[in-house]
Every structure is written in C-alpha cells, then in structure tokens.
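Chain by chain, the residues run as shown.
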Amino acid sequence: MKKIFSTRRNALLSSVSLSWGAAAVGVVILLVLVRLGAPDFFARVTLPFLSYTDTVSTWVSSGRALLARSVEQAKQLTALQEERSVLVVKNEELAARVATLERLSGISHREAGPALSAPVLVRPPESPYDVLIVGAGTAQGVTVQMVAFGIVTVASSTEIVPLGLVSETTDTTARVVLFSAPRVETLGWVGSTHTPVTLIGTGGGTFFAAVPREASPSVGESVFVPGSTVPIGVVARVESDPAAPSATIRVTPLVNPFSISEVLLRPRDTSLVGAVSCATAGAL
Amino acid sequence: MILLRLGSAFLSVLFLPWPCIVLLALWAGLAEPWVPLAVGFFTDALYYTPSVGLPYGSLLGILTTAALFGMRSRMHSGIIG
C-alpha cells in the first residue's frame with residue numbers, strides 16, 4: 001500500500017537538528033547573554049551553585065585527607081589546634097592593645113582603610129583562570145581594584161600577603177584576578193639585593209621572571225611586590241644559560257591558591273595597583 | 001546515556017578541576033559533538049573575566065567540536081566508501 005504521509009512531523013525540525021548538544025549550546029549562549037546583559041541577575045542565579053562548589057570541594061578535600069590520614073597528621077592537627085588557641089589569646093591581647101592605643105592617640109586604625117573579610121566560593125583548579133570568586137560584592141562595600149590578601153602564618157605570626165586585585169563586582173560576589181594569572185605582569189623585587197623584576201603569572205599561583213645573570217638570586221630567596229612587607233613567594237628554581245645575558249627564575253607562592261578559603265579585601269593600594277597596571281598595560 | 005554524559009560534563013564545570021572537565025566533555029562529545037562547545041561556553045560564562053586574556057574555554061570547545069565533527073564526517077565517508 002502506498003504511503004501517503006511522511007512519518008517526520010516537520011521537515012524543518014528533524015531529530016538531527018534538535019540534538020541534545022545543540023539544545024545545550026542554545027541554553028548556554030542564552031546564559032552568556034544573561035551574564036553580559038545582567039551580571040547581577042546572573043550572579044544571583046549562579047551563587048547557590050557556586051556555594052555548592054565550595055562545599056563539594058571541601059568534602060572532596062576532606063575525603064582525600066581522610067584517606068591519607070596518618071598518626072603524624074593527627075599530631076600535627078593537635079599541635080596546630082594548640083597553636084591556634086595561643087594565637088586567639090594573643091590576638092585578643094593585641095586587639096585590646098590597639099583599642100588602648102586608639103583611645104590614647106585618638107586615631108582609629110580603620111581610618112587607614114577597613115579590611116573586608118570574604119569567603120572564597122570558587123578557587124583554582126575549579127576556576128581555570130587563576131581567578132577567585134568571593135562571596136562579597138558591592139552590597140558589602142567591595143569595589144573594583146580593591147586588593148585581596150591571603151592570610152598566612154610566618155614564623156608563628158599571622159601575616160597577610162597580597163594575592164590579586166578585584167576585577168569585577170556584582171551585588172553579592174566579586175572576581176579577584178590573582179597576580180599569578182596567565183599574562184598578568186606585576187612589578188616587584190627579589191632577594192636581599194632588591195633586584196627589580198617583572199613577575200609574569202604562569203597560573204596555579206606560580207610566576208616566572210627574567211633577571212640579569214650576574215644578579216640572579218639563589219633558591220629560597222623571597223620575592224616582594226609593593227605595598228607589602230611580606231613576600232608573595234620564594235624562588236623555587238633558577239634557570240640560567242651561559243650564553244644568555246639573563247637568567248629565568250621560577251617563583252612559588254607563599255599562599256597556596258588551591259586551598260585558600262578566605263581573603264581580606266582592602267581599598268585600592270595605589271603603589272600595588274600601579275605596579276600591576278604598569279606592567280600589564282591596563283589589563284586589570 | 002547522552003543525558004548522563006551531558007549532565008556529568010556540565011556538573012564537572014561546577015565541581016571538578018579543568019582537566020576533568022576536558023575529559024568529561026570529550027567523553028560526551030564522542031556521543032554528541034556539540035557538547036564540548038556548550039561546556040566551553042558554560043565555563044567561560046561562569047569563570048571568564050576579560051583581564052585574563054583569551055576565553056580559553058570557548059576556544060577549546062570550538063576546536064574540539066570542529067575536530068569531532070571532522071572526525072565524524074571522515075568516519076561516515078569511510079563507511080560509505
């Protein structure tokens with residue numbers, strides 16, 4: 001018997017053109033347009049998922065830690081907890097001392113610029129560009145080009161280390177581009193000789209820089225950027241070619257961006273912002 | 001099965017490091033070549049910021065999808081010929 005109709009419902013909308021992948025591309029393009037057109041709305045929609053990202057990453061990390069747990073780690077944990085309780089007491093003493101000095105001098109330390117504490121929602125390697133997404137935005141007073149600091153313990157004292165600059169903000173979140181992001185260049189200096197260098201980000205928290213061969217630092221020397229007395233990293237390797245006039249140094253960070261859970265955001269530090277924008281020609 | 005591959009590729013963008021995203025997108029792309037492109041765009045929609053330079057997620061997605069389509073067409077012509 002002759003077939004008098006086509007089994008295909010619509011000749012233009014075949015099953016091939018309506019594949020799941022093509023539909024996904026359409027939905028994602030819509031998402032990109034939403035991010036470009038209404039970044040605040042996009043941030044509000046994605047914020048819960050990004051919070052889950054942090055939670056799941058923490059679970060995965062703790063799962064890994066459980067697998068690798070040993071007696072030594074348990075001892076370390078106890079020691080760190082004791083150290084933490086000592087530090088808490090010390091911190092309270094210092095806070096009381098600051099309050100006394102403020103009362104006596106009549107100058108508040110907040111006048112120098114308050115620091116905002118922000119939880120890190122997404123960090124490398126989940127964010128592939130050495131970008132942190134932090135859970136504080138314009139509603140909390142975060143502005144573009146604020147400096148993000150990581151907290152680190154150096155020789156039993158807690159210090160803050162500059163990590164990057166805020167590049168975008170929404171109501172509830174901010175994006176911090178780390179100095180170690182690929183292509184980001186930062187002026188700094190290295191070693192006890194204070195050799196000036198241009199630190200070039202290579203991702204994963206690391207940098208490289210070219211230094212004159214005769215002034216090449218040794219492994220373990222500290223690397224600084226303006227606006228901080230605490231080094232941002234140390235020289236991990238010096239690659240020198242006898243035929244080349246300069247040596248390349250590889251720098252590893254003091255604060256590991258893969259495990260950072262909180263940052264302090266401080267108002268724009270002109271020396272630091274200048275050091276970054278000079279080198280990257282306005283990339284940030 | 002396609003939905004499982006698609007879902008895992010998209011969820012990996014939220015929860016897993018980028019090498020896992022690439023692997024899962026490739027795995028999904030073998031069944032549905034558009035997926036790496038969608039995953040690349042999705043990654044950049046979430047994480048890209050102009051100061052980091054090129055949108056590597058989208059570029060990698062475009063290249064992978066093009067390569068998968070190319071591979072597919074060669075396989076098809078190979079079977080027919």
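Up top you'll find the structure we're talking about.
Now for a quick tour of the structure. (Residues numbered from 1 in each chain as written. Chains lettered and ligands numbered in written order. Predicted model: local features only at pLDDT ≥ 70, side-chain atom pairs only at ≥ 80, totals over all residues. Heavy atoms only, no water.)

Here we look at the interface of chain B and chain A
Counting from both sides, the interface comprises 32 residues of chain B and, opposite them, 36 residues of chain A. With both chains or domains summed, chain B and chain A bury close to 2,700 Å², and 72% of this area falls on carbon and sulfur atoms. The largest share of the area that chain B buries against chain A comes from Phe15(B), Tyr47(B) and Ser51(B), three residues that together contribute 24% of it. Inspection of the chain B/chain A interface yields 0 salt bridges. Put simply, chain B and chain A have 12 residue pairs in polar contact (both at pLDDT 80 or more) between them. Sorting elements by how many residues they give to the side of chain B that touches chain A places helix H3 (residues 34-47) of chain B first, with 11 residues. (Contact = heavy atoms within 4.5 Å. Buried area = accessible area lost by both parts, 1.4 Å probe. Salt bridge = Lys/Arg side-chain N within 4 Å of Asp/Glu carboxyl O. Polar contact = N/O pair within 3.5 Å; in protein donor to acceptor, adjacent residues only side chain to side chain. Helix = DSSP H or I, 4+ residues; strand = E, 2+ residues; numbered from the N terminus.)

Here's the deal with the nonpolar core
Ranked by internal contacts, the top residues of the largest apolar core, which has 38 residues, are Leu132(A), Val134(A), Val176(A), Leu199(A), Val263(A) and Leu265(A). Setting aside residues up to four positions removed in sequence, Val263(A) forms contacts with Leu116(A), Ser117(A), Ala118(A), Val120(A), Leu132(A), Val134(A), Phe149(A) and Leu163(A). Formed by 32 residues, the second largest nonpolar core is a distinct cluster that contains Val28(A), Leu50(A), Val122(A) and Ala28(B). (Core = buried A, V, L, I, M, F, W, Y, C linked by side-chain atoms within 4.5 Å. Buried < 20%, exposed > 50% of the residue type's maximum accessible area, 1.4 Å probe, protein only.)

Things to note about the packing of helix H1 (residues 2-15) of chain B against helix H2 (residues 18-31) of chain B
All names here are of chain B. Between H1 and H2, whose axes approach to 9 Å, the crossing angle comes to 160°. Relative to H2, H1 is oriented roughly antiparallel. Once H1 is placed against H2, the crossing between them reads as left-handed. Note on element contacts: H2 touches H1 through Ile 21, Leu 24, Ala 25, Trp 27, Ala 28, Leu 30 and Ala 31, opposite Ile 2, Leu 4, Arg 5, Leu 6, Ser 8, Ala 9, Ser 12 and Val 13. Taken together, the residues of the contact of H1 with H2 break down into 12 nonpolar, 2 polar and 1 charged. (Axes fitted to C-alpha atoms, helices over the stretch in contact; angles between N-to-C directions. Parallel < 35°, antiparallel > 145°, perpendicular 65-115°, else oblique. Left-handed = near helix turned anticlockwise from the far one by under 90°. Nonpolar A, V, L, I, M, F, W, Y, C, P; charged D, E, K, R; others polar.)

Shape is all these values report; function is a separate question.
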